[in-house]
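Report on the structure
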Amino acid sequence: MNDALPLLRTLAETLDSLDVAVAVFDDADCVLLWNRAFLKFFPEHAGHIHEGEPYRANLRRFYEGRLSAAELPAIERYIDEGVARHRTQQRPFAFEHRGLRLRAASLPLPGIGRIRLWQADAAPGGVALTVPPGSPPIDGTAVFDHLAEGVMVTDADHRIAWVNEPFVLMYRFTDRAAAAGGTLEDAYRTAWHGQEAGDPTLFERGLAILIESLRYAGATFEVPLPGARWNRVVEQKSPDGRSFFVHVDITELKRQQEELLRAERRARDSERLLADTLERMEQGILLMNAERVVGGCNRRAIELLGLPEELMASRPSFDAVLAYQLSTNEFAHTPQDIHDFILSGRILDRPSSYDRKRPDGRIIEVLTVPVEGGGALRTYTDITDRKRGEERIRHISRHDGLTSLVNREVFLEHLAGAVEASGVGGEAFAVHFIDLDRFKPINDRFGHAVGDKVLALVAERMRSIAREVDVVARMGGDEFAILQYGVERASGALHLGRRVLEGIAQPMDIESHQLVVGASIGIARYPAAGGDPDTLLRHADAAMYAAKASGGNCVRTYEAGDGAPL
């Protein structure tokens, strides 16, 4: 039995990430092990359950919290029946506990005893999240649990509003709710709790890095965690004041960098040892001596940078390598400030780190560490997948999760930019405010799933009718907006409004139903209907309500001096 327990513990920890609770009992019905999900579903056992505890004691706590005063005298009968079910259960069953519907299964483990598993029935549409009262809703959160990185969302007061499951594991929380309401500093202290004495210098160093880095919004920084782990933290701010943090486990990268530095020191006595080490690295590596000659370059660097093998085999100068890269437009997608830094020739004289996009589309991280006595060590890491993950997070923070249109905050940014540009000689534009007609009866009769498909199809039609340069947004519920650029005359705005109206009114075949909705559209043209974003939106909204008052399924415009929509 003892040989099997480590495997069972690993299984229990793995199932934690899937929100599956596990408890294992021996042949005498005594507890052997359990996982965090077990305490999440059955918090009454926290601080009480222990190895060797009889299942009867476990059941007693369970029933003491469930039975009414009238039922408590019969608790021994409930416990006896529970033990009997535990020993003979063959089929899964479901029950309600603390507001959750749990499915339970029990299986015999020959030579050990029995394993029990519990899983909550998934809520429709994805994973149920615990978000503090008053926090803004977070759309599309289910996708975050499929990322390898930890994700943390903070509100405008820098308090944690939501985290994904990988974050919970990284910072050793019991569940998402335990992190909510705290700060990143609180999460760091939680991760280190009880282990600061093992390496107090590293703990204090990481705390100082975290506090200093959080003073600068968007700064990327790295913090140490217990067990020789390291996280890289990347922040992305949202227009509504929230911040999205990505926590990337870079433990292996740190280990490799430290190994590289040790290998470089040993290489002074053994170039063969250095060559073997470099070829085993997953990163691209270049070593330059004090004369700026490339003394070592592994195959991964040649692959990542697209360098000729014959050039690198000739022990070229770093300037010769740079000249070859310039001749092949290697830096075509590199920002000008980084391009100038590279050409300045100082990139080997001081520590530096930057990301750049290669001509083939891959993104590499370039790290330079000067070596004592002259020369430098450079590493090249392919971070394309990580950048794509960060881009997905940025997209989610600025787009509506259902329709993929930009959200209200982003629309207001574009509108403010259009007003500012028009004030310094830019082009005229129009705001279309669109509210669907006859949508609520569809939602009520056929359900929200069908209603969501209607909204998504309407959004797709509007996006196909508007030009590529125009901005189409979902403002909330069944309200949409279009920012139409280049509108010199009212007829141009009316033409688009009528095309949108006609497109929305086309029948929709959704889940064997043929559905039809209409729209009421209000248009406010700049500068005739207002000279600032708030006025334009208000007048477009007023024109939309005038369209609804006229029976709907029509377009109305708001013109200056009339005081009402036409």
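This is a predicted model, so every value here is computed, not measured. (Residues numbered from 1 in each chain as written. Predicted model: local features only at pLDDT ≥ 70, side-chain atom pairs only at ≥ 80, totals over all residues. Heavy atoms only, no water.)

As for the overall build of the protein chain
A count of helical and extended segments in the protein chain gives 20 helices and 22 strands. The 566 residues of the protein chain split such that 46% are buried. Split by element, the accessible area of the protein chain, about 28000 Å² in all, is 52% carbon and sulfur. (Helix = DSSP H or I, 4+ residues; strand = E, 2+ residues; numbered from the N terminus. Buried < 20%, exposed > 50% of the residue type's maximum accessible area, 1.4 Å probe, protein only. Areas by Shrake-Rupley, 256 points an atom, 1.4 Å probe, with all protein chains shown as cover.)

With respect to the environment of Ala 313
Structurally, Ala 313 is set in helix H12 (residues 309-313). A relative accessible area of 64% means that Ala 313 is categorised as exposed. In this structure the C-alpha to C-alpha distance between Ala 313 and Gly 295, which are 18 residues apart in sequence, comes to 9.5 Å.

Side note on the sheet that holds strand E21 (residues 518-526)
Read across the open sheet, the five strands follow the order E17-E18-E16-E21-E22; overall the sheet is mixed. Two strands lie at the open edges of the sheet, namely strand E17 (471-476) and strand E22 (554-558), each paired on one side alone. Averaged over all pairs of adjacent strands, the angle between strand axes in this sheet comes to 20°, irrespective of strand direction. When strand E16 (residues 429-437) meets E21, the two strands line up antiparallel, connected through nine bridges. Pairing of Val 431 across the sheet is with Ala 524, part of E21. (Pairing = 2+ DSSP bridges. Axes fitted to C-alpha atoms, helices over the stretch in contact; angles between N-to-C directions.)

A short note on the pattern of salt bridges
It is possible for side chains bearing opposite charge to pair when their charged atoms get close. Per the counting criterion, the structure on display carries 32 salt bridges. Of the charged contacts, one joins Arg 388 and Asp 385 as a salt bridge, the two residues approaching to 3.7 Å between their closest N and O atoms. With Arg 388 and Asp 385 both in helix H15 (residues 384-398) and three residues apart, the pair spans about one turn of that helix. One salt bridge connects Glu 511 with Lys 453, and the closest N-O pair in it is separated by 2.8 Å. Pair noted here: Glu 511 is in the loop between strand E19 (508-510) and strand E20 (513-515) and Lys 453 is in helix H18 (residues 448-465), with a separation of 58 residues, a long-range link. (Salt bridge = Lys/Arg side-chain N within 4 Å of Asp/Glu carboxyl O.)

A closer look at the packing of helix H17 (residues 439-446) against H18
Axis separation between H17 and H18 bottoms out at 7 Å; the angle between their running directions is 145°. Here H17 contributes Phe 439, Ile 442, Asn 443 and Phe 446 to the contact with H18, which in turn contributes His 448, Val 450, Gly 451, Val 454 and Leu 455. Residues that form the contact of H17 with H18 fall into these classes: six nonpolar, three polar and no charged. (Contact = heavy atoms within 4.5 Å. Nonpolar A, V, L, I, M, F, W, Y, C, P; charged D, E, K, R; others polar.)

Describing the packing of aromatic side chains
For the coordinates displayed, the defined rule picks out 14 aromatic pairs. Taking 5.2 Å as the distance between ring centres and 70° as the angle between the ring planes, the aromatic pair formed by Phe 42 and Trp 118 counts as edge-to-face. Remark: Trp 118 occurs in strand E5 (residues 113-120) and Phe 42 occurs in the loop between helix H2 (36-41) and helix H3 (55-64); sequence separation between them is 76 residues. A single burial state applies to Phe 42 and to Trp 118, both of which are buried. (Phe/Tyr/Trp six-rings, centres within 6.5 Å; stacked < 30°, edge-to-face > 60°.)

Concerning helix H7 (residues 184-192)
Those residues of H7 not exposed but buried are Leu 184, Ala 187, Tyr 188, Ala 191 and Trp 192. Viewed along the axis of H7, the buried residues span an arc of 135°, placing them on a single side of the element. Note on H7: the residue one or two positions beyond its end, Gly 194, has a positive phi of about 80°. (Arc of directions from axis to C-beta.)

With respect to unusual backbone geometry
Cis rather than trans, the peptide bond between Tyr 526 and Pro 527 has omega equal to 0°. You can see Pro 527 is positioned in the loop between E21 and helix H20 (533-549). Positioned with a positive phi, Asp 29 is a non-glycine residue whose angle comes to about 65°. On the secondary structure map, Asp 29 appears in the loop between strand E1 (20-26) and strand E2 (31-34). The exposure class assigned to Asp 29 is buried, which follows from its relative accessible area of 10%. Despite not being glycine, His 158 has its phi angle at roughly 65°, a positive value. Under the relative-accessibility criterion, His 158 is labelled exposed at 51%.

Focus on the pairing of strand E6 (residues 150-154)
Residues in a regular strand point their side chains to alternate faces of the sheet. Within E6, five of the five residues are buried, leaving the element largely enclosed by the surrounding structure. Judged by which residues are buried, E6 turns out to be covered on both faces: Gly 150, Met 152 and Thr 154 on one side and Val 151 and Val 153 on the other are all buried. Strand direction decides the pairing type here: E6 and strand E10 (residues 243-249), joined by five bridges, are antiparallel. For Gly 150, the partnering residue across the bridge sits in E10 and is His 247.

Structural notes on the confidence of the model for the protein chain
Residues with a pLDDT of 70 or more make up 88% of the protein chain, whose mean pLDDT is 84. Overall, residues 561-566 carries pLDDT values under 50, and its contacts beyond four positions in sequence, including any with other chains, amount to eleven contacts. (pLDDT = per-residue confidence, 0-100.)

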